[in-house]
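Structure assessment
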Amino acid sequence: MQQSQSHSHFPSTDAARPLVTHLGFPRIGARRELKQALEAFWSGETSAGALQDTASALRQRHWQLAREAGADVVPCNDFTLYDHVLDTAVLFDAIPPSHRALCEADPLAGYFALARGLQRDGHDLRALEMTKWFDTNYHYLVPEFAADQTFTLRAGKPLAELAHARALGLEARPVLLGPVSFLKLGKRSDGGCPLELLDALLPAYAQLLEQLRRAGAPWVQIDEPCLVLDLTPQEQAAYRRAFAALAQADAPQLLLATYFGALGDNTALVASLPVQGLHVDLVRAPGQLETVLAAVPERVALSLGVVDGRNIWRADLDAAVELVKRAGARARWIAPSCSLLHVPVDLQLERKLPDRLRGWMAYARQKLEELRVLADALGGDEAAREALDIAGRARVARLLSPMLRNPRVRERVEAVTPDQSRRLSPYPQRAPLQAQRLQLPTFPTTTIGSFPQTGAVRQARADHRAGRIDDGAYRAFLEAETDRCLLEQEALGLDVLVHGEFERNDMVEYFGEQLEGFAFTGHGWVQSYGSRCVKPPVLFGDVWRPADMTVAWARYAQSRTRKPVKGMLTGPVTILQWSFVRDDQSRAQTCRQIALALREEVLALEAAGVGIIQIDEPALREGLPLRRGDWAAYLDWAGECFRLAANGVGDATQIHTHMCYAQFNDIIESVAQLDADVISIETSRSRMELLDAFARYRYPNGIGPGVYDIHSPRVPCAQEMRELLDKALDVVPSMQLWVNPDCGLKTRGWPEVRDALRAMVQAAQGLREAVA
Ligand SMILES: Nc1nc2c(c(=O)[nH]1)N[C@@H](CNc1ccc(C(=O)N[C@@H](CCC(=O)N[C@@H](CCC(=O)N[C@@H](CCC(=O)O)C(=O)O)C(=O)O)C(=O)O)cc1)CN2
Ligand SMILES: [Zn+2]
């Protein structure tokens, strides 16, 4: 076989072959086995033993799968029953006083009470706050530290997982969240700086490292993703102190793992840390290889993240070859850019995807196979070089495919003018027109859109998909659900109703299924939090709207009640953020295409007589770049896209937006500039901390700070919600205040929803009486 031109630059014999590894594997399971096991355990159907058996079997299967796909070294302790940040808090015994007794009496029950709250058997425990893991759609639980927090090592889990892997004959590398990132991702109950607790934490870390070494770990992976953020001098000093202390311990060799971006101005800091290995993300930041090679001492072995751990496209292996060769003998390992947590498990399970598209994609397993091909090719293997050629051709085929481009879409994006993204009149002129049209009381009550997606709803959808019920029967079922939901809302006394979103599998996938330019998968599940997963659609080509998407349901719901029903759409930034997005053009460009498609839908809803249209943008904050220097450009195009979608309507049409799961303090000004008439926003888990920002900025339009945490089965009482509303009234003028939960109710059951909304309406009524 003739050697191909493009790979003639390979060394011919005995070249150094890097080892293949990865930083973490999806834990939910290709068929969401962990989800099923968790939910069965929570509902009391199965025992803790059964849950642990499933967890153990998944760990073992994933190690074997990774080995077979090509990993020479696999991580351990990357598994978790709920969340790896929560695991780290439990590992060091950083448990809030409220949960301590239960955690000691029944560790597993205590663990899930921290994750989900617990209101049973005389307990009334809150869940920890949940927020976004960097710029991903994964949520972690925020550790809560006392001002005088002490840390005690409880090393059972990492030691057991290491022993399990070693018993299987695997070379396993325990993964730990590093001490600085762990503290920085948490918060102190007194509002103080968590990094002040570093000196108290380090002895426990050192002790853990010693135990792992004694248990046979040659390497430990310390994840410090905060090293890609802007750090203060104090934070940089914390890194120096932390790693100096860990270097004193009788520890295994340390692989310091960074990901989600460039080390940038932290490069010199990282280069000065006493570690034996360093992982860098060369997908988000290929340019940093040069600076890292120059700054980091030769004795530090490098792990090069050359395959995208955040997206599902096949890698550009030719580019990867160049990077690895550039690092030469210093490239000890090659790996995905970050943990594979953010991609699905195995493309081989996909049956529905068009073959063409499938040939362009790679899930976790296929990414490890790509890395093996890359390593083998670098090691001089002929067959692997041919595989590289084939991969390269598949990639070029995608980039040149006519499926990616629609000239009409491109023309329309080019033709957008600035006035298309502005409302006709400013808010003070629109507000009275809307008030007159809608006739709402003060402190109007509403919900965020979804009502419980019960087993029956999911079953009907599954039956419809499988052809067991026809279109008519499915529609009749959904109409009945919608009717029932509207009646419930009327009975509860809510002011602005929603149709309940029963027809939607997911707020993004549903739109992906109706827009051109998207494909959807059958097994593309990615963990979002705990047992909850999402199946991000694959945005591969130019986006356009072939037909109305939500108008029929909006019209139907409004025909069934005299109360106003909100039209319900997912915004362009969120659709972008929660899809696997093409990488052959800028995200801004792709987002504008989505925005134009949604604009058509907004105008169609308005034309159908819908007076309130909500455009959810829960992922606006999540998409914010990790470095401040990149914020302005992002906020500029993201804001423009929202306004382009929303602001074509007349003055009397009320635009709502909704945001959740993140800190909005930093971007409050950009949120205000969206100029939505009303924003509902998650605040209850952080007990309204967010409102400081709204107060400082004097948010000008309507605002509904969430008064009830919908992620927990716990039902708060009216008094508790009233207290949050009173707090809100300190900073929000009463004419602007709306009353609503934190987010949609799809994950809850009807009994809790009824109780909670009844209490919410009661809280609003109490407030009306108090200020009347
Ligand atoms: N994309 C996205 N990201 C988001 C959110 C979101 O809503 N969407 N919200 C935040 C996270 N919150 C979330 C809240 C709930 C769920 C959630 O409930 N997910 C469901 C899956 C939703 C779904 O796609 N359901 C489908 C498919 C359901 C399913 O499991 N079907 C079975 C078959 C049906 C059966 O027999 O039960 C199968 O395919 O195996 C449907 O309803 O049609 C789950 O994990 O259970 C996810 C995220 C932030 N990020
Ligand atoms: Zn939400």
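Residues numbered from 1 in each chain as written. Chains lettered and ligands numbered in written order. Predicted model: local features only at pLDDT ≥ 70, side-chain atom pairs only at ≥ 80, totals over all residues. Heavy atoms only, no water.

1. Focus on the overall build of the protein
Quick note on the threshold: We count a stretch as a helix when DSSP gives it H or I for four or more residues in a row; a strand needs E for two or more, and each element gets its number in order from the N terminus. Residue exposure (1.4 Å probe, protein chains only): buried if accessible area is under 20% of the type maximum, exposed if over 50%, otherwise partly exposed. Here the Shrake-Rupley method, with its probe set to 1.4 Å, supplies the accessible areas, and only the displayed protein chains count as covering residues. When charges are counted, Lys and Arg are positive and Asp and Glu negative, with His and the chain ends excluded. Every charge is mapped to an atom, namely NZ of Lys, CZ of Arg, CG of Asp or CD of Glu.
For the protein, the count of helices and strands is 28 helices and 22 strands. Taking the principal axes of its C-alpha atoms as reference, the protein extends roughly 80 × 60 × 50 Å. Evaluated residue by residue, the protein yields a buried proportion of 61% over its 772 residues. Of the roughly 28,800 Å² that the protein leaves accessible, carbon and sulfur atoms contribute 50%. In the protein, 86 positive and 96 negative side-chain charges are present, and the distance between their average locations comes to 1 Å.

2. Things to note about the coordination of the zinc ion (ligand 2)
Short version of the rule: Note that water is not among the atoms considered, so a metal site may appear incomplete; the donors listed are N, O and S atoms within 2.8 Å of the metal, with 3.2 Å applied to Na, K and Ca.
Protein coordination of the zinc ion (ligand 2) is provided by H658 (NE2), C660 (SG) and C743 (SG), with donor distances spanning 2.1 to 2.3 Å. In terms of primary sequence, the donors binding the zinc ion (ligand 2) are separated according to H-x1-C-x82-C. Placement of H658 in strand β20 (residues 654-659) and of C743 in the loop between α27 (718-729) and α28 (750-771) is noted, with a sequence separation of 85 residues between them. Note on accessibility: H658 and C743 belong to one class, buried.

3. Considering the side chain of H62
Quick reminder of the rule: Contact definition: two residues touch when any of their heavy atoms are within 4.5 Å.
Position of H62 among the secondary structure elements: in helix α2 (residues 48-69). Residue class for H62 comes out buried when judged on its relative accessible area of 7%. Non-local contacts of H62, meaning those with residues more than four positions away in its chain, are made with F25, P26, R27 and G29.

4. Some remarks on the packing of aromatic side chains
Ring pairs (aromatic) are described by centroid distance and by the angle formed between their planes. In plain terms, the rule: The aromatic pairing rule takes the rings of Phe, Tyr and Trp, using the six-membered ring of Trp, and pairs them if the centres are within 6.5 Å, calling planes under 30 degrees apart stacked, those over 60 edge-to-face and the rest tilted.
What the rule picks out here adds up to 18 aromatic pairs. A ring pair is formed by W133 and F134, whose centres lie 4.9 Å apart and whose planes are at 90 degrees; its orientation type is edge-to-face. Across the pair, F134 and W133 agree in class, each one buried. Taking 5.4 Å as the distance between ring centres and 85 degrees as the angle between the ring planes, the aromatic pair formed by F145 and F182 counts as edge-to-face. Of this pair, F145 sits in strand β5 (residues 144-145) while F182 sits in helix α7 (residues 179-185), and the two are 37 residues apart along the sequence.

5. Some points on the domain arrangement of the protein
Heads up, the rule is: Where each domain begins and ends is defined by an automated method or by a domain database. Each of two parts loses accessible area, computed with a 1.4 Å probe, when they are put together; buried area is these two losses added.
Here the domain parsing of the protein yields domain 1 (1-72 + 270-400), domain 2 (82-94 + 128-257) and domain 3 (443-771). Taking the mean C-alpha position of each, domain 1 and domain 2 sit 24 Å from one another. Taken together, the contact pairs 26 residues of domain 1 with 28 residues of domain 2. Both faces combined, the contact of domain 1 with domain 2 buries some 2,300 Å², and carbon together with sulfur accounts for 64% of it. Together, W63, L273 and Q276 form the three largest contributors to the area buried by domain 1 at its contact with domain 2, with a combined 23%.

6. Quick notes on the site of ligand 1
In plain terms, the rule: We call a residue near a given molecule or strand whenever any one of its heavy atoms falls within 4 Å of it. Any N or O atom pair separated by 3.5 Å or less is treated as a polar contact, with the protein-specific requirement of one donor-capable and one acceptor-capable atom, and with residues adjacent in sequence counted only for side-chain atom pairs.
Around ligand 1, a shell composed of 25 residues is seen, among which K35, R458, R461, D506 and K746 lie nearest. Between ligand 1 and the protein, one listed contact pairs an oxygen atom with a side-chain N or O atom of K35 at 2.6 Å. Coverage of ligand 1 by the protein amounts to 83% of the 970 Å² it exposes when considered alone. Those elements that provide at least two residues to the shell around ligand 1 are α18 (455-465), β14 (526-529) and β15 (532-534). Per-element accounting of the shell around ligand 1 gives the leading share, five residues, to α18. Taken together, domain 2 (82-94 + 128-257) and domain 3 (443-771) each give at least three residues to the shell around ligand 1, which thus spans both.

7. Quick notes on the packing of helix α14 (residues 364-378) against helix α15 (residues 382-400)
In a pair of packed helices, the angle between the axes and the distance between the axes together describe the arrangement. The following threshold applies: Throughout, an axis means a line fitted to C-alpha atoms (over the contacting stretch in the case of helices), and angles, computed between N-to-C directions, take values from 0 to 180 degrees. Here the angle decides the label: under 35 degrees means roughly parallel, over 145 means roughly antiparallel, 65 to 115 means roughly perpendicular, and every other value means oblique. Each crossing gets its hand from how the near helix is turned against the far one by less than a right angle, where anticlockwise is left-handed and clockwise is right-handed. The classification used treats Ala, Val, Leu, Ile, Met, Phe, Trp, Tyr, Cys and Pro as nonpolar, Asp, Glu, Lys and Arg as charged, and all other residues, Gly among them, as polar.
The N-to-C vectors of α14 and α15 enclose an angle of 130 degrees; their axes lie 8 Å apart at closest approach. Relative to α15, the element α14 lies oblique. Where α14 crosses over α15, the two elements pack in a sense that is left-handed. Here V373, D376 and A377 of α14 lie close against α15, whose contacting residues are A384, R385, A387 and L388. Among the residues making up the contact of α14 with α15, the classes are represented as five nonpolar, no polar and two charged.

8. Section: the pattern of salt bridges
Put simply, the rule reads: In the sections that follow, a salt bridge refers to a side-chain nitrogen of Lys or Arg positioned within 4 Å of a carboxyl oxygen of Asp or Glu.
Under the criterion given, the structure shown has 56 salt bridges. Here R358 ties to D355 by a salt bridge, and the two come within 3.4 Å at their closest N and O atoms. Of this pair, R358 and D355 both sit in helix α13 (residues 355-358), three residues apart, which is roughly one turn of the helix. On the basis of relative accessible area, R358 is assigned to the partly exposed category, the value being 25%. Between R475 and E479 there is a salt bridge, with its nearest N and O atoms 3.9 Å apart. Of this pair, R475 and E479 both sit in helix α19 (residues 471-492), four residues apart, roughly one helical turn.

9. Comments concerning the UniProt feature "binding site: L-methionine" (unreviewed entry) in the protein
Put simply, the rule is: UniProt positions are given in the numbering used here, feature names are shortened, and annotations may be inferred rather than shown by experiment.
Residues given the UniProt feature "binding site: L-methionine" (unreviewed entry) here are I448, G449, S450, E501 and D616. A compact arrangement is adopted by the annotated residues: their sequence extent is 169 residues, whereas the largest C-alpha distance between any two is 12.9 Å. On the accessibility criterion, I448 (4% relative accessible area) is buried. In this structure I448 touches E501, M568, Q614, H658, S680, N740, P741, D742, C743 and G744, once residues within four positions along its chain are discounted. Inspection of the secondary structure puts G449 in the loop between α17 (427-438) and α18. Among the residues examined, G449 registers a relative accessible area of 1% and is labelled buried. Ignoring sequence-local partners within four residues, the contact set of G449 consists of V498, G500, E501 and M568.

10. Regarding the UniProt feature "binding site: Zn(2+) 1" (unreviewed entry) in the protein
Residues annotated in UniProt with the feature "binding site: Zn(2+) 1" (unreviewed entry) correspond here to C660, E682 and C743. Spatial clustering of the annotated residues is evident: they stretch over 84 residues in sequence, but the largest pairwise C-alpha distance comes to 6.8 Å. On the secondary structure map, C660 appears in the loop between β20 and α25 (668-673). Owing to a relative accessible area of 1%, C660 belongs among the buried residues under this scheme. Apart from residues lying up to four places away in sequence, C660 is in contact with P618, E682, D742 and C743. If you trace the backbone, E682 turns up in the loop between β21 (678-681) and α26 (691-697). For E682, a relative accessible area of 10% translates into the label buried. Those residues in contact with E682 that lie beyond four places of it in its chain are M130, M659, C660, Y661, L690, H711 and D742.

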